[in-house]
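Notes for the structure review
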Amino acid sequence: MKKLFALAILASLSKTMVAQDTSATRNDREQRKLERRQKINTIARQEEEGILVYNKQSIFGLMLRTDGYGIFYELGKMRTTRKTTTYDLELTEIKDPKEEKLPNGGFSFGNPYVYGKINNFYQLKLGVGQQYILGDKGNKNGVAVSALYNGGLSLGFLRPYYIQVEDVYGNIQTIKYSQDTSLFLNGYIHGGGGLGKGWGEMKFRPGVYAKTGLRFDYGRFNEVVSALEVGISAEAYAQKIPIMLYQKERQLFFQGYITLEFGRRK
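In this report, the structure presented in the accompanying data block is examined.

Conventions used here
- Residues numbered from 1 in each chain as written.
- Predicted model: local features only at pLDDT ≥ 70, side-chain atom pairs only at ≥ 80, totals over all residues.
- Heavy atoms only, no water.
- Core = buried A, V, L, I, M, F, W, Y, C linked by side-chain atoms within 4.5 Å.
- Buried < 20%, exposed > 50% of the residue type's maximum accessible area, 1.4 Å probe, protein only.
- Helix = DSSP H or I, 4+ residues; strand = E, 2+ residues; numbered from the N terminus.
- Phe/Tyr/Trp six-rings, centres within 6.5 Å; stacked < 30°, edge-to-face > 60°.
- Lys NZ or Arg CZ within 6 Å of the ring centre and 35° of its normal.
- Pairing = 2+ DSSP bridges.
- Contact = heavy atoms within 4.5 Å.
- Axes fitted to C-alpha atoms, helices over the stretch in contact; angles between N-to-C directions.
- Polar contact = N/O pair within 3.5 Å; in protein donor to acceptor, adjacent residues only side chain to side chain.
- Salt bridge = Lys/Arg side-chain N within 4 Å of Asp/Glu carboxyl O.

**With respect to the nonpolar core**
By size, the foremost hydrophobic cluster in this structure holds 20 residues, and its most contacted members are Phe121, Ile163 and Ile241. If you list the elements that add at least two residues to this core, you get β5 (113–114), β8 (162–166), α2 (181–186) and β12 (224–241). Looking at this core, the element that brings in the most residues is α2, giving 3 residues. Among the nonpolar cores identified, the runner-up in size contains 6 residues, and Met63, Phe72, Ala227 and Tyr257 belong to it.

Here it is as structure tokens:
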């Protein structure tokens, strides 16, 4: 009889513990649902109010500069509601202000060329920086304004510039400046040498860069980046960069830029 009584007590305790565990699990599920609902409501309210809140953003851009053009990619990780750490990759080309593209020299269908140009100058930039939100959108149809600055390495590459010229014997040659300076400057030029020449002869020029600007994000939804950025940048290289004949070779380059940007936030 005592054994039956003990078994009944144990069964009752087990049911009570199972009920308590079930109740606790149910309460945990309800709490998680409530937290998710609150998070969704908070995000919806922030989006209505034009507040940019995200974990990371990926941005691509097309850049027009006062001395050239380029493309870039930016990965941003939000640290606070105002500050985002950015990691940047840029590919740009610097052109000399005196460059003037001319048509081919005769009735042939040669490529246009730049007289006196001896090198194309490309830059691959790797940098880190910060984006600071100066003002949120105010509402989802507004414009968010951010200040940005970044800097890092600028890996410069000089590619010899080729042209097609006709020598005194009537033969057409594709040459660069260092091969025959007289023919390069005074020969009958048929046109540029084309994009396929000089890639295997590039020379490396290391440097550094710094950039600062303002970003105007006019995207309707927080998860989509649609922005315009304007600013200034500077680059410094360890050696002087020869781009054009009879022009001063520089180590320092300053430029203004404007960028059209698009991307995603998560």
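Still more ground to cover, so stick around.
**Some words on the packing of aromatic side chains**
The full count for this structure, using the stated rule, is 8 aromatic pairs. With a centroid separation of 4.9 Å and an interplanar angle of 45°, the aromatic rings of phenylalanine 60 and tyrosine 73 are classed as tilted. Of this pair, phenylalanine 60 sits in strand β1 (residues 56–65) while tyrosine 73 is found in strand β2 (residues 68–78), placing the two residues 13 residues apart along the sequence. When its relative accessible area of 42% is taken as the criterion, phenylalanine 60 is described as partly exposed. A ring pair is formed by tyrosine 177 and phenylalanine 184, whose centres lie 5.5 Å apart and whose planes are at 80°; its orientation type is edge-to-face. On the accessibility criterion, tyrosine 177 (25% relative accessible area) is partly exposed. Between the NZ or CZ atom of lysine 125 and the centre of the ring of tyrosine 209, over which it lies, the distance is 6.0 Å. The ring of tyrosine 162 is capped by lysine 197, whose NZ or CZ atom sits 5.0 Å from the centre of that ring.

**Remarks on the pairing of strand β9 (residues 172–176)**
Where β8 lies against β9, 5 bridges are found, and the strand directions are antiparallel. Note that in β9 the partner of glutamine 164 across the bridge is threonine 174. Taken together, β8 and the strand that follows it, β9, pair antiparallel across an intervening segment of 5 residues, in which glycine 170 is found at a positive phi of about 85°.

**Some thoughts on the side chain of aspartate 67**
Residue placement: aspartate 67 occurs in the loop between β1 and β2. What makes aspartate 67 buried here is its relative accessible area of 9%. Apart from residues no more than four positions distant in its own chain, aspartate 67 is found in contact with Glu93, Ile94, Lys95, Phe253, Phe254 and Gln255.

**Regarding the sheet that holds strand β10 (residues 188–192)**
Strand order in the open sheet made by the 3 strands is β9-β8-β10, with antiparallel pairing throughout. In the strand order of this sheet, the two ends are held by β9 and β10, each with one partner. Here the strands of the sheet are splayed against their neighbours by 35° on average, with no regard to which way each runs.

**What to know about unusual backbone geometry**
For tyrosine 246, which is not glycine, the phi torsion reads 65° and is therefore positive. Within the element layout of this structure, tyrosine 246 appears in the loop between β12 and β13 (250–265).

**A short note on the sheet that holds strand β3 (residues 83–94)**
In a beta sheet, neighbouring strands are held together by backbone hydrogen bonds and run either parallel or antiparallel to one another. Spatially, β1-β2-β3-β6-β7-β11-β12-β13 is the arrangement adopted by the 8 strands of the closed barrel, whose pairing is antiparallel. This sheet shows a mean twist of 25° between the axes of neighbouring strands, independent of strand direction. Judged from the 15 bridges that link them, strand β7 (residues 144–160) and strand β11 (residues 203–217) form a sheet pairing that is antiparallel. Across the sheet, the residue bridging to tyrosine 149 is threonine 212, located in β11.

**Some points on the side chain of serine 146**
Within the fold, serine 146 resides in strand β7. Take serine 146: its relative accessible area is 2%, and that puts it in the buried class. There is a polar contact of 3.1 Å between the side chain of serine 146 and the side chain of glutamine 131. Setting aside its immediate chain neighbours within four residues, serine 146 contacts Gln131, Tyr132, Ile133, Leu134, Gly213, Leu214 and Arg215.

**So, the pattern of salt bridges**
For side chains of opposite charge, pairing can occur when their charged atoms come near one another. Within the structure shown, the criterion is met by 12 salt bridges. Ionic pairing is found between glutamate 201 and lysine 176, a salt bridge with its closest N-O pair at 2.4 Å. Placement of the pair is glutamate 201 in the loop between β10 and β11 and lysine 176 in strand β9, with a sequence separation of 25 residues. With its nearest N and O atoms 2.8 Å apart, the salt bridge here joins arginine 215 to glutamate 261. Remark: glutamate 261 occurs in strand β13 and arginine 215 occurs in strand β11; sequence separation between them is 46 residues. Classification of arginine 215 by relative accessible area gives buried; the value is 3%. Judged by relative accessible area, which is 2%, glutamate 261 ranks as buried. Salt bridges here are not isolated pairs; linked through shared partners, they connect Arg65, Asp67, Glu90, Lys125, Lys211 and Glu235.

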